[in-house]
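# Topology and contacts: notes
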Amino acid sequence: MASELRRAIAKILSIGLQISPDAVDVLARRKDALEIACKVVERLKELDEKPIVLTADLMFKLIQVEEAKQEEEEIDAEKIPVDEEVIFDPTQVIRSEGSAESFVSYFVSRYNKLKRIMLRERFDVRNAITISQIRKWSHRGKGTVKVICMVTGKRKTAERKIILELEDPTGSIVAVVNDRDPNVLSRAEKVIRDEVLCVEGQLVGDILLVSDIIQPEVPIPSVREKGSAPPVFAALISDLHVGSKYFMRSAFNRFLLWINGKLGVERYRSLARRVKYLIIAGDVVDGIGIYPEQEKELLVKDIKKQYRMAAEYLAQIPTHIRVIIIPGNHDATRQALPSPSIFRDCAEPIYRLPNVRVIGDPAYVKLHGVLFLITHGRSLDDVLATTPGVRYDKPAEVMVELLKRRHVAPIYGGRTQIAPEKEDYLVIDKIPDVFHAGHLHTFGYMNYRGVVIVNSGAWQEQTDYMKSMGIKPDPGKVTLVDLSNKRVHAILDFAKEKSVEMFSSLSAII
Ligand code: FE
Ligand code: ZN
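Residues numbered from 1 in each chain as written. Chains lettered and ligands numbered in written order. Predicted model: local features only at pLDDT ≥ 70, side-chain atom pairs only at ≥ 80, totals over all residues. Heavy atoms only, no water.

## A look at the confidence of the model for the protein
In low-pLDDT regions, the fine details of the predicted coordinates are not to be read closely. Mean pLDDT over the protein stands at 89; residues scoring 70 or higher make up 93%. Below pLDDT 50 for its whole length, residues 65–72 participates in 12 contacts with residues either more than four positions away or in separate chains. Low pLDDT, under 50, characterises residues 499–510; the stretch is placed with 24 contacts to residues that sit more than four places away or in other chains. (pLDDT = per-residue confidence, 0-100. Contact = heavy atoms within 4.5 Å.)

Okay, structure coming up:
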């Protein structure tokens, strides 16, 4: 380790802070590592609440502020032309009929696509064989074998063993994970039905004794590509639920005032001028008949009226800002994934807005070369229900589970309906720069292997239904992603009326 880097790390550790591997990575690539470390330590002294771990994102946040101050003065998103390309929109391609046969071809497509991804991106699975070849290879005394397969069943035995039923197009096999290697066992605990992965093991009798489990995963980026996007923002929000009694009208109005440059101190108004895109990850309206007795919680009981109202709010977004909308499970669309864009006959006023683009779920959109994967996130419910160690109040970490499996809805037969399209459009075949979802109504963001993950929370207060389910929302947040460096620049909180430093001039305006 170069001595500059060692001194930089020592400096950070000296104030009782831990340092994450991605932060070490960043320092290792910089000639001015020690200088950065000193700056970070200085900035941390100013904070009331000290973090425990210094991550790369936190480091960027801490030391970017001063550089950002000057930039903000000059950038005006209104003068920057739109550079938006829809890379994938399911609306154009879906045509499922839903027969039993089409489910077979759907799962074959899922398997083949994920196998291809693994073979392309992972050196450690290139020698994988098929299930039908296992016996032959084992007889030749090859020892361990690797197979890329789909998990069709999983159970736990009394002796803490985990039994996995595995399948590929050539056959099926039962695999056993015992507690000899706690790492492998904990990986097996997280395995969910219908996911595609690579299992390494040795054939004992008819059973594959598992020695390793390898998920498709996201490759660790070697260098962060800079790109050439201007320093404008994509603002990420989701789950407005217009039409619900609990829609947070005043918080959303504060957001509209801010985005029009009419709220907050100058420093925050200048942030608004940098917003070029607004991405809404579904649940624009509360819908009708979505859950039992929803009627009692509706202010507007007509879906068209709900969309008309939503359009009135969105019409207040300045027209130089492009608005991209995908549907959620509360919107008027096909409930099964992939979902087409919100039905036009229900949401005509939204379609009429000149700066709005309505697409399906999941969607890939490129903004100035920065790739966004946008999905509402309804499968996050199923991931939460089946994966140990994830929590609904840490939604970005739940989204990581989708990235690791390279699939937007890995579980079939849970709460998420999946339509058996000929091709599995839910496979995450392109690694996005930004992965944006909502649905859980809690807010969270993180950087996972170079992918910025954001779950936007909501604009709806806790409903009685949520109360009965024990769900506490974390609403009113707007995440600003800087397209020039693909990082979260700021998170604005519009839920609280006072107590937010950014709105020190708030009382004068409202
Ligand atoms: Fe929602
Ligand atoms: Zn939802």
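## Side note on the environment of Ala251
For Ala251, the location among the structural elements is in helix H8 (residues 249–259). Judged by its relative accessible area of 2%, Ala251 falls in the buried class. Distance from Ala251 to Pro475, taken between C-alpha atoms, is 9.1 Å for residues 224 residues apart in sequence. Filtering out sequence-adjacent residues up to four positions away, Ala251 remains in contact with Trp459, Phe494 and Ala495. (Helix = DSSP H or I, 4+ residues; strand = E, 2+ residues; numbered from the N terminus. Buried < 20%, exposed > 50% of the residue type's maximum accessible area, 1.4 Å probe, protein only.)

## Quick notes on the nonpolar core
Core analysis: the biggest nonpolar cluster contains 45 residues, and Phe252, Phe255, Trp258, Ile350, Trp459 and Leu480 have the highest contact counts within it. A total of six residues in this core trace back to one element, the largest contributor, which is H8. Of all hydrophobic cores here, the second largest spans 41 residues; its members include Leu114, Ile148, Val383 and Val427. (Core = buried A, V, L, I, M, F, W, Y, C linked by side-chain atoms within 4.5 Å.)

## Focus on the coordination of the zinc ion (ligand 2)
Around the zinc ion (ligand 2), the protein supplies Asp283 (OD), Asn329 (OD1), His376 (NE2) and His439 (ND1) as donor atoms, at distances of 2.1 to 2.3 Å. The motif formed by the donor residues of the zinc ion (ligand 2), counted along the single chain, is D-x45-N-x46-H-x62-H. Between the zinc ion (ligand 2) and the iron ion (ligand 1), a spacing of 3.1 Å is present, and a bridge between the two is formed by Asp283. Of the two residues, Asp283 is situated in the loop between strand E10 (275–280) and helix H10 (303–314) and His376 in the loop between strand E14 (370–374) and helix H12 (380–386); the sequence distance between them amounts to 93 residues. Of the two residues, Asp283 and His376, both sit in the buried class. (Donors = N, O, S within 2.8 Å, 3.2 Å for Na, K, Ca; no water.)

## Some points on the coordination of the iron ion (ligand 1)
Around the iron ion (ligand 1), the protein contributes the donor atoms Asp239 (OD), His241 (NE2), Asp283 (OD) and His441 (NE2), at 1.9 to 2.3 Å from the metal centre. Considering all four donor atoms around the iron ion (ligand 1), angles at the metal cover 85 to 179° and the coordination shape is irregular. Each donor residue of the iron ion (ligand 1) belongs to the same chain, and together they define the spacing D-x1-H-x41-D-x157-H. Given the relative accessible area of 1%, His241 is considered buried. A residue is classified by how much of its surface remains accessible, and Asp283, at 1% relative accessible area, is buried. (Tetrahedral: all angles 85-135°; square planar, octahedral: opposite > 155°, others 65-115°.)

## What about the pattern of salt bridges?
For side chains of opposite charge, pairing can occur when their charged atoms come near one another. Throughout the structure, instances matching the rule amount to 29 salt bridges. Across the pair Asp433 and Lys486 runs a salt bridge whose closest N-O atoms are separated by 3.6 Å. Of this pair, Asp433 sits in the loop between helix H13 (395–405) and strand E15 (434–437) while Lys486 is found in the loop between strand E18 (477–482) and strand E19 (487–493), placing the two residues 53 residues apart along the sequence. The partner of Asp493 in a salt bridge is Lys477, with the nearest N and O atoms 3.7 Å apart. A residue pair is termed long-range when its members are at least 10 positions apart, and Asp493 in strand E19 and Lys477 in strand E18 qualify at 16 residues. By the burial criterion, Asp493 is buried, and Lys477 matches it. (Salt bridge = Lys/Arg side-chain N within 4 Å of Asp/Glu carboxyl O.)

## A few points about the pairing of strand E13 (residues 363–367)
Burial within E13 is extensive, with four of its five residues counted as buried. One ladder, built from four bridges, connects strand E3 (residues 84–88) with E13; its direction is antiparallel. Note on E13: the bridge partner recorded for Glu84 is Leu367. Pairing geometry for E13 and E14, over five bridges, is antiparallel. Bridge assignment links Tyr364 to a residue of E14, and that residue is Leu373. In this antiparallel pair of consecutive strands, E13 and E14, the connection spans two residues, and His368 shows a positive phi of 50°. (Pairing = 2+ DSSP bridges.)

## Things to note about the sheet that holds E15
The six strands are arranged E3-E13-E14-E15-E17-E16 in an open sheet whose pairing can be described as mixed. One side of each edge strand has no neighbouring strand; the edge strands of this open sheet are E3 and strand E16 (443–448). Each neighbouring strand pair of the sheet contributes to a mean axis angle of 20°, computed without reference to strand direction. Most of the contacts of H13 go to E16, to which it runs at about 45°, and overall it touches E15, E16 and strand E17 (451–456). (Axes fitted to C-alpha atoms, helices over the stretch in contact; angles between N-to-C directions.)

## Thoughts on the pairing of strand E7 (residues 196–204)
In terms of burial, E7 is a largely internal element, seven of the nine residues being buried. Here strand E4 (residues 145–156) pairs with E7 via six bridges, running antiparallel. Looking at the pairing, Met150 lines up with Val196 of E7. Here seven bridges tie E7 to strand E8 (residues 207–214), and the two strands are oriented antiparallel to one another. Bridging across to E8, Glu200 finds its partner in Asp212.

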